[in-house]
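# Survey of secondary and tertiary structure
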Amino acid sequence: MVMVTMKSYGVSVSIVLSAVFVALIVIVFIFGRFSDNNGIGSFYENSEEEMKIPVVELITTAARTHIGEARAVLSSEFSSKCNSTAIVTKKENSKLEQGLAVARAAIRKAALNRNKSIIYKNNDLLSGQIYRNPNAFYRSYVEMERRFKVYLYEEGELPLVHDGPCKDIYTSEGRFIHEMEQGNNRFRTRNPEAAHVYFMPFSVTWMVKYIYHPNTYNVTPLKDFVSDYVRIISTKHSFWNKTQGADHFMISCHDWGPVSTQGNAFLYNTSIRVLCNANSSEGFNPKKDVSLPEIHLYGGKVPSKLLSPPPFNSSRPILAFFAGGVHGHIRPILLQQWKNRDSDIRVYEYLPKDQDYYNFMLQSRFCLCPSGYEVASPRIVEAIYAECIPVLLSDHYVLPFSDVLRWEAFSIQVDVSKIPRLKEILMAVSKDEYLRLKEGLRAVRRHFVLNKPVQRFDVFHMILHSVWLRRLNLRVE
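Heads up: these notes are all about the structure in this document. (Residues numbered from 1 in each chain as written. Predicted model: local features only at pLDDT ≥ 70, side-chain atom pairs only at ≥ 80, totals over all residues. Heavy atoms only, no water.)

### With respect to the overall build of the protein chain
This is how it is decided: Secondary structure elements are taken from DSSP: a helix is a run of H or I of four residues or more, a strand is a run of E of two residues or more, and numbering for both begins at the N terminus. The contact definition used throughout considers only heavy atoms, calling two residues in contact when any of these lie within 4.5 Å. Computed with a 1.4 Å probe, the accessible areas rest on the Shrake-Rupley method; for each residue, only the protein chains presented here act as cover.
Per the secondary structure count, the protein chain includes 19 helices and 12 strands. Partitioning the contacts of the protein chain with sequence separation of at least 6, the portion at a separation of at least 24 is 72%. With an accessible surface of roughly 22400 Å², the protein chain has 54% of that area assigned to carbon and sulfur atoms.

Set out below in structure tokens:
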């Protein structure tokens with residue numbers, strides 16, 4: 001009888017102890033859940049603030065001009081580009097993500113200082129007037145140099161992959177691919193596990209040249225190539241599948257770059273597309289895509305006349321200039337209103353053979369840059385080189401590097417509906433304002449130059465910086 005009683009007592013004690021143990025687990029779990037909004041609680045050493053840095057406002061909230069409305073706005077959540085947030089959660093404690101968190105915090109701190117008009121650090125001289133937040137841009141750029149790593153996929157054969165045009169109108173596409181493939185830059189890594197982003201080095205321009213059937217306007221071969229390419233890298237490697245391509249990017253300056261990416265839905269909707277044809281009404285998404293400047297280099301070099309523009313205060317007798325083919329919906333309006341109408345505004349469909357295009361630019365105070373079939377125009381960069389104030393005539397064009405650059409500091413945007421008032425608008429620009437715009441052109445030129453070898457702050461680095469911002473999830477507002 002005693003033995004039975006002892007056994008019953010032992011069982012009761014065991015039940016009680018088990019219940020207490022379960023209760024303790026429940027209490028700890030509940031404490032963990034409610035001590036942190038994300039359910040992370042105290043189970044991790046890193047606090048929520050360290051693991052999830054708030055988005056950074058890189059620019060001032062200036063009045064929304066047409067340029068301001070078109071500029072890039074970056075997503076505050078990288079995971080929103082994926083179907084699942086599980087991937088981001090898994091990476092939060094990784095060395096890469098911790099490094100990015102430190103970079104975000106440093107940029108956020110720098111962004112608070114909005115007073116400097118000129119930045120001079122470590123022999124870097126930047127004119128603050130052309131940036132939305134010069135201190136934030138500079139800190140972001142330095143953090144990019146310190147940390148950013150890009151992995152290039154080695155799959156694919158020449159010439160469609162690992163090559164691209166390095167002269168004529170698609171120069172910026174080929175030169176970027178060549179620099180990433182062959183250049184001595186600090187960003188490429190051959191260790192995919194160490195990469196922040198993954199570059200797909202195929203050339204849409206060479207696709208059009210080698211696999212497109214001329215005059216058919218059938219872009220199916222381009223889409224099929226892109227589809228096959230993504231299938232190969234996603235089958236052979238795990239990186240695409242981890243984020244559905246959100247940390248992958250491609251580059252194209254060809255007009256058909258956007259439509260080619262339709263070969264894979266995730267590439268089109270999720271990946272970072274670096275495109276000259278940055279038309280927000282045709283699928284270009286400033287939250288994730290990058291606007292690529294269109295740079296026309298005959299023979300692969302900047303025209304000699306544009307290497308050294310005239311002295312700053314030299315006379316420019318022509319008010320405004322344009323010469324070019326009539327295509328798209330904007331140029332016919334421009335020519336109808338101004339061709340052969342006014343000696344101050346020189347508008348030509350084609351220049352007479354005895355006239356020089358660059359001489360006109362160098363003698364003009366304003367250079368008209370209307371969109372053609374597509375929104376981008378090489379005249380914008382040519383005007384920057386010539387120190388001729390670009391007059392932007394376009395619809396739905398997301399301007400290159402507009403997430404950090406104040407285009408209103410070195411260009412003028414004129415709504416297409418106001419083309420008949422062009423002379424009135426340009427004549428209303430005061431001398432002081434004109435000189436301020438010219439100073440802006442001189443300051444911003446470095447960001448649009450293709451150097452070989454590349455130099456800090458040039459167009460190669462600005463393209464990478466735009467990709468870096470999107471990987472960082474910084475929203476500019």
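### Overview of the side chain of R445
What counts here: Only protein chains enter the accessibility calculation, which uses a 1.4 Å probe. A residue is then buried if its area is under 20% of the maximum for its type, exposed if over 50%, and partly exposed in between. Working convention for charge: Lys and Arg count positive, Asp and Glu count negative, and His plus the chain ends are omitted. For salt bridges, the criterion is a side-chain nitrogen of Lys or Arg within 4 Å of an Asp or Glu carboxyl oxygen.
In this fold, R445 is placed in the loop between helix 18 (431–444) and helix 19 (459–472). Despite its burial, R445 remains without a salt bridge, the nearest opposite charge being carried by E387 at 5.4 Å. Sequence-distant contacts of R445, that is, excluding residues within four places in its chain, are made with L306, L307, P309, I384 and Y385.

### Thoughts on the sheet that holds strand 10 (residues 364–370)
This is how it is decided: When DSSP locates at least two bridges between a pair of strands, those strands are taken to pair. Orientation is described by lines fitted to C-alpha atoms, with helices fitted over the stretch in contact, and by angles between N-to-C directions that extend from 0 to 180 degrees.
Across the sheet, which stays open at both edges, the five strands sit in the order 9-8-10-11-12 with parallel pairing between neighbours. Each edge of the open sheet carries a strand with a single partner, namely strand 9 (345–348) and strand 12 (412–413). When strand 10 meets strand 11 (residues 389–393), the two strands line up parallel, connected through five bridges. Of the residues in strand 11, the one forming a bridge with C369 is L392. Helix-sheet contacts for helix 18 involve strand 10, strand 11 and strand 12, and the interaxial angle to strand 11 is about 95 degrees.

### Concerning the sheet that holds strand 6 (residues 272–275)
Spatial ordering of the open sheet is given by 3-4-5-6-7, a layout of five strands whose pairing is parallel. Looking at which strands have only one partner, the edges of the open sheet turn out to be strand 3 (150–152) and strand 7 (290–291). Taken together, the four bridges between strand 5 (residues 248–252) and strand 6 define a ladder with parallel strand orientation. Residue I251 lies in a different strand from strand 6, and its bridge partner there is V274. In the packing of helix 7 (residues 171–182) onto the sheet, the strands contacted are strand 3, strand 4 (197–199) and strand 5, and the crossing angle to strand 5 comes to about 135 degrees. Contacting strand 3, strand 4, strand 5, strand 6 and strand 7, helix 19 runs over the sheet at an angle of about 155 degrees to strand 6.

### Section: the pairing of strand 11
What counts is decided by this rule: Every crossover in which the path from the first strand over the helix to the second runs clockwise, viewed with the strands pointing away from the viewer, is termed right-handed.
When you tally the buried positions in strand 11, you get five out of five residues, the bulk of the element. What you see with strand 11 is no split at all: I389, V391 and L393 on one side and P390 and L392 on the other are buried throughout. Note on the crossover from strand 10 through helix 16 (residues 379–386) to strand 11: the handedness is right-handed. As judged from the two bridges shared by strand 11 and strand 12, these two strands associate in the parallel manner. Directly across from L392, in strand 12, lies its bridge partner Q413.

### Things to note about the packing of helix 5 (residues 95–111) against helix 6 (residues 134–147)
Which entries qualify depends on this criterion: Note on terminology: angles under 35 degrees are roughly parallel, angles over 145 are roughly antiparallel, angles of 65 to 115 are roughly perpendicular, and the others are oblique. Rotating anticlockwise by less than a right angle from the far helix to the near helix defines a left-handed crossing, while the corresponding clockwise rotation defines a right-handed one. Residues are grouped as follows: nonpolar covers Ala, Val, Leu, Ile, Met, Phe, Trp, Tyr, Cys and Pro; charged covers Asp, Glu, Lys and Arg; every other residue, Gly included, is treated as polar.
Contact pair helix 5 / helix 6: the axes reach a minimum separation of 8 Å and the direction vectors enclose 160 degrees. Considering the angle they form, helix 5 stands roughly antiparallel to helix 6. Crossing geometry of helix 5 relative to helix 6 is assigned as right-handed. Every residue of helix 6 that contacts helix 5 at G99, V102, A103, A106, I107, A110 and A111 is listed here: N135, A136, R139, S140, E143 and R147. Considered class by class, the residues forming the contact of helix 5 with helix 6 number seven nonpolar, three polar and three charged.

### Side note on unusual backbone geometry
Cis geometry is adopted by the peptide bond preceding P159, which originates at L158 and carries an omega value of 0 degrees. Along the chain, P159 falls in the loop between strand 3 and helix 7. Residue P453 is bonded to the preceding K452 through a cis peptide linkage, with omega at 0 degrees. With a phi close to 60 degrees, F401 is a non-glycine residue in the positive phi region. Looking at the secondary structure, you find F401 in the loop between strand 11 and strand 12.

### Structural notes on the packing of aromatic side chains
The condition that has to hold: Any two of the Phe, Tyr and Trp rings considered here, Trp counted by its six-membered ring, make a pair once their centres fall within 6.5 Å; the pair's planes then place it as stacked at under 30 degrees, edge-to-face at over 60, or tilted in between. Lysine NZ or arginine CZ positioned within 6 Å of the ring centre and within 35 degrees of the ring normal marks a charge as sitting over the ring.
This structure, assessed with the given rule, holds 26 aromatic pairs. Measuring from ring centre to ring centre gives 4.8 Å for Y131 and F137, while their planes differ by 15 degrees; the resulting arrangement is stacked. Put simply, the rings of F321, Y348, Y357, Y358 and F360 touch in pairs and so form one group of aromatic residues. The positively charged end of K209 is found above the aromatic ring belonging to W206, 4.8 Å away from the centroid.

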